[in-house]
Amino acid sequence: MAELTELSSRYQPPVRRTYAEDDGEAFNLFSVIHRQRWLIALLTLIGLAAGIAYALYGTVWYESSAKILINEKSAGLSNQQTRDTVVHEDILANHMELLRSRKIIAEALDANGLMDLDSVQPHLGETNDTVDYVIDHMELVKGGEGSAKTARSLHVSLKHTDADDSKILLTAVLKRYEQFIIDQVEQVMGRANDLVNEAKEEVEADLIAAEEEHLKSRQTAPLFFQGEGSSNVYQDRYRRLQDELLQVEISESTVRTRLERVLQTLEEMEAEDGVDHLDKLALIDSESMSRLGVFAGLQMNVADSPEFRAAMPAKMEEARAQFTHLLELNSEKQRLSALFGPGHPKVQDIDNQITLVKEFLRENEELTAPTNAFGDESLSPEGLLRTYVGFLKHDLASLETRKSELQLLAGDSEKKAKELIEFELRDMVLQKKIDRQQALFDGVVQQLLELDTASGLSGYLYEFLEVPRTGDKVWPNLPIAAMGGLMLGLFAGMFLAVANDVRDGRFRSAAELDEAIGLMSLGMVDRLNSIRQGVSGLMEVETSPNAEAFRLGRTILLPEIRAGRMKTLGFTSPMQGDGKSTMTANFAVSFSQVGLKVLLIDADLRRPSVHRYFSVNREEGLSDVLKGEKQLTDVIKPTDAEGVYVVTAGSTTRAAAELLQADRLDETLEIAKEDFDIVLVDLPPVLAVSDPVIVLPRLDASVLVVRVGRVRRDEVANTMRRVEASGGHLVGHMLNTFGSGKKFDTTGGYFGYYQSDYTRSGPKQSVNGKARTSVPRVPISAADRPE
């Protein structure tokens, strides 16, 4: 069995699909067109003829048309110089809706007595009237042609079966449209003019009131307000006073701090009697030091009288000069320390000079005593500091007085500045109010100007560039109708072709069958001799093209048979009438022609036919052996075909499946394999009865006979599933093309050789002095008789 499997796989197509895929085979449109080309061509010609007949005998339609140019009548008064294309589209769309509105068309027909127009009545139904008819057959197209496609124009047309009435209907509609535009514009413009005038009066009154309010406000304005953009002098004054007040507060703080330090120093000096306090003079600031110097000078001028100089020696005069020099050095030290710091060389030099002056004054203390130098009114260090305290207190009192004055002035300036700001804001609000009222007033006046102009021009510029005229014939058009009929017929043919092809589940070519079932092809036949001719009919086809099909199958199977790996070979088919009995008989004869001893067993116990092919009696056959009534050797019958023996079905039985299920069948096959080179078994159809699936697993191999003229894809697929499910082993198939018609494609591969010169009849022979051709009688398909 493994060798047989290898034989089958050796002849399988490159790609074998499952049976589920076979049921949904890919759709090939070109193949469908090729197979159904005559149906498509017929329907295409019918469609073309129908189109031409419609163009010649159909109802004639005429079209009357007109063209209108539409534009707004702003007369150039609008501030918008350019219009957006969307506005253009909106204008045209509004006029298109107006032209085909039921209101306009109904009023036009009523005004002109066209509601019962004779040429329209045949086209009316129960649910539509003349107005509906005109609306349905009116067409509006906006824009021009070519470069003028964006022009604001309308092309209006009306199709009707009467040329003159189409013009009359369209003219009536356009006249009513024109009158409607005029009436609406006059009504709208009049009402709009009244409304705008009322608005003008109201806006003008509000503008005058706003101007008067602004005038009164300016009359009560502060003196320093000069209008928009003027500065606020009170605000500037307030800023200056605040700056000065800050400086006064800083000076007050400084003077107060100095006063506290000097008072503390005086207390310390009073506690230290008899100590030199000249270094305490460094507490005096440079400005106060200058004032003290002036004060000391006044004292010295008092002492610098002739009497005093006569009374005091020259050395005392020198001591007084040194004391004055000491005050100057202390003042300079304080200044330099503030500029360069206490460690600077200049400050140290001043310190050295102060030290020398102090030593001199100590050595001449009696000369430098205040009573000696200046008398009772002379100044000591304590006196100078007390004088400095007086200066500081005076300065502090002056600063406090100035601070109070500045605070009063700043408060007054702040109040007046706020009042001026508040007035400025109120004046700005009034000015904006006047501006708004003025703009509104200007807009209303502009609208009045435009309304006055537009009312005189009726709102729109509409010009009839083309007036309605007698309708021209537009339908039916012979070329278009013919082309339409042709295309309709073509599409109908394609649709019916596809539907017919999809509905037909038969195989359309030998290649499709090979690809679908995945078995190697053992041959293809079309017409065979009748069963009524018996074994002579089988032997007569020896030189026919069909005989080559059996030789091909024999050649493929023969190596396995001679090797002893294929001793039993069954033949079955999907359905009754597929020709499997004819194929079995012909294979038996074909095998015998190569010297094999062949036994043909008719296992179709329900509809046996082998006995008629070989012209033998049916009695005493397989059913008798399976019943145990006969031995196999008793029922084997020789035939007129050399090397071919048959076992007929035997006596009639109603339990065919049960007999085939018995173990005696296995024993019978084993006995047959011992005496014969090949045992062929004719089995019933797989889809008709269960007998084949009982016998096939017991055979070495089996062949499936497919008649493509009647079997469907799903039947073949179901047959394959049943055989495989039962355990049977199919090694190939025989193709019976009888009844498939010319649409079945048998070209290509080795099938093409069936029509070659090798299979044609031999040369003419002379019979009774007359030439004749050795050609067998025209065979009759195996489908014409029982299997």
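Data block above holds the structure.
Quick caveat, the model's predicted, so the values are computed rather than measured.

**Section: the overall build of the chain**
- The number of helices and strands found in the chain is 28 helices and 15 strands.
- Counting only residues that meet the buried cut, the chain has 42% of its 787 residues in that class.
- Expressed as a percentage of contacts within the chain between residues at least 6 apart in sequence, the contacts between residues at least 24 apart total 83%.
- Working note: accessible area of the chain is about 42,100 Å², and carbon and sulfur atoms make up 53% of it.

**Some details on helix α9 (residues 233-271)**
- Over its 39 residues, α9 runs 58 Å from end to end, which matches the ideal 57 Å to within 8%, given 1.5 Å per residue.
- Turning to α9, its buried residues number three or more, namely Tyr234, Leu241, Leu245, Val248, Glu252, Val255, Leu259, Val262, Thr265, Leu266 and Met269.

**A closer look at a negative patch on the surface**
- A surface patch of like charges, here negative, comprises Asp194, Glu198, Glu201, Glu202 and Asp206.
- With respect to the element layout, Asp206 can be found in helix α8 (residues 163-219).
- Taking the relative accessible area as the measure of exposure, Asp206 reaches 41% and is therefore partly exposed.

**Looking at the sheet that holds strand β6 (residues 521-525)**
- Spatially, eight strands are ordered β6-β13-β12-β7-β11-β8-β10-β9 in an open sheet, and the strand pairing comes out mixed. Two strands lie at the open edges of the sheet, namely β6 and β9 (637-638), each paired on one side alone.
- Note that strand β7 (residues 568-572) and strand β11 (residues 678-682) share four bridges and pair parallel. The residue bridging Gly570 from the neighbouring strand is Val681, located in β11.
- Sheet contacts for helix α18 (residues 510-517): β6, β12 (701-707) and β13 (730-736); angle to β13, the most-contacted strand, approximately 155°.
- The strands that helix α21 (residues 580-592) touches are β6, β7, β8 (598-602), β10 (644-647), β11, β12 and β13; relative to β11, the one it contacts most, it runs at about 165°.

**Thoughts on the packing of aromatic side chains**
- This structure, assessed with the given rule, holds five aromatic pairs.
- Seen from their ring centres, Tyr54 and Trp475 are 6.1 Å apart, and the 50° between their planes marks the pair as tilted. Residue Tyr54 is located in helix α4 (residues 37-57), and its partner Trp475 is located in strand β5 (residues 472-475); the two are separated by 421 residues in the primary sequence.
- Residue Trp475 is classed as partly exposed on the basis of its relative accessible area, which comes to 27%.
- Through successive ring pairs, a cluster of aromatic residues spans Phe550, Phe571, Phe587 and Phe591.
- Sitting over the face of the ring of Tyr645, Lys597 holds its NZ or CZ atom 5.7 Å from the ring centroid.

**Concerning the nonpolar core**
- If you look at the biggest cluster of nonpolar residues, it comprises 43 residues, and the most contacted ones within it are Leu622, Leu660 and Val681.
- Not counting residues within four places of it along the chain, the set of residues in contact with Leu660 comprises Ala603, Leu605, Leu622, Leu626, Leu665, Asp691, Ile694, Val695 and Arg698.
- Core analysis: the next-biggest nonpolar cluster, separate from the first, contains 35 residues, Phe550, Leu557, Leu569 and Val731 among them.

**Some details on the side chain of Asp682**
- You can see Asp682 is positioned in strand β11.
- Here Asp682 falls in the buried class, since its relative accessible area comes to 0%.
- Only 2.9 Å separates the side chain of Asp682 from the side chain of Lys580, close enough to count as a polar contact.

**Description of the pattern of salt bridges**
- Taken as a whole and judged by the stated rule, the model has 24 salt bridges.
- Across the pair Lys580 and Asp604 runs a salt bridge, and its minimum N-O distance is 3.2 Å. With a gap of 24 residues between them, Lys580 in helix α21 and Asp604 in the loop between β8 and α22 (610-613) connect regions that are remote in the sequence.
- When its relative accessible area of 0% is taken as the criterion, Lys580 is described as buried.

**Examining a nonpolar patch on the surface**
- Where nonpolar side chains cluster on the molecular surface, the patch consists of Ile52, Leu56, Tyr57 and Leu478 and spans about 450 Å² of accessible area.
- The element contributing the most residues to the nonpolar patch is α4, with three residues.
- Looking at where Leu56 falls in the secondary structure, it is placed in helix α4.
- With a relative accessible area of 56%, Leu56 lands in the exposed category.

**Considerations on α18**
- Extensive coverage of α18 is indicated by the burial of six of its eight residues.
- Of all the positions in α18, only Ala510, Glu512, Leu513, Asp514, Ala516 and Ile517 are classed as buried.
- Gly518 sits one or two positions beyond α18 and adopts a positive phi of about 70°.

**Points about the packing of α4 against helix α17 (residues 478-503)**
- Two elements in contact, α4 and α17, have axes whose closest approach is 7 Å; the angle formed by their N-to-C orientations is 150°. As the angle between them shows, α4 and α17 are arranged roughly antiparallel. Between α4 and α17 lies a crossing of right-handed hand. Every residue of α17 that contacts α4 at Leu39, Ile40, Leu43, Thr44, Gly47, Leu48, Gly51, Ile52, Tyr54 and Ala55 is listed here: Leu478, Ala481, Ala482, Gly485, Leu486, Gly489, Leu490, Ala492, Gly493, Met494, Leu496 and Ala497.
- By residue class, the composition of the contact of α4 with α17 is 16 nonpolar, six polar and no charged.

What counts as what
Residues numbered from 1 in each chain as written. Predicted model: local features only at pLDDT ≥ 70, side-chain atom pairs only at ≥ 80, totals over all residues. Heavy atoms only, no water. Helix = DSSP H or I, 4+ residues; strand = E, 2+ residues; numbered from the N terminus. Buried < 20%, exposed > 50% of the residue type's maximum accessible area, 1.4 Å probe, protein only. Contact = heavy atoms within 4.5 Å. Areas by Shrake-Rupley, 256 points an atom, 1.4 Å probe, with all protein chains shown as cover. Expected span 1.5 Å × (residues − 1). Patch = residues over 30% accessible without salt bridge, like charges linked within 9 Å, V, L, I, M, F, W, Y side chains within 5 Å. Salt bridge = Lys/Arg side-chain N within 4 Å of Asp/Glu carboxyl O. Lys, Arg positive; Asp, Glu negative; His and termini not counted. Charge placed at Lys NZ, Arg CZ, Asp CG, Glu CD. Pairing = 2+ DSSP bridges. Axes fitted to C-alpha atoms, helices over the stretch in contact; angles between N-to-C directions. Phe/Tyr/Trp six-rings, centres within 6.5 Å; stacked < 30°, edge-to-face > 60°. Lys NZ or Arg CZ within 6 Å of the ring centre and 35° of its normal. Core = buried A, V, L, I, M, F, W, Y, C linked by side-chain atoms within 4.5 Å. Polar contact = N/O pair within 3.5 Å; in protein donor to acceptor, adjacent residues only side chain to side chain. Parallel < 35°, antiparallel > 145°, perpendicular 65-115°, else oblique. Left-handed = near helix turned anticlockwise from the far one by under 90°. Nonpolar A, V, L, I, M, F, W, Y, C, P; charged D, E, K, R; others polar.

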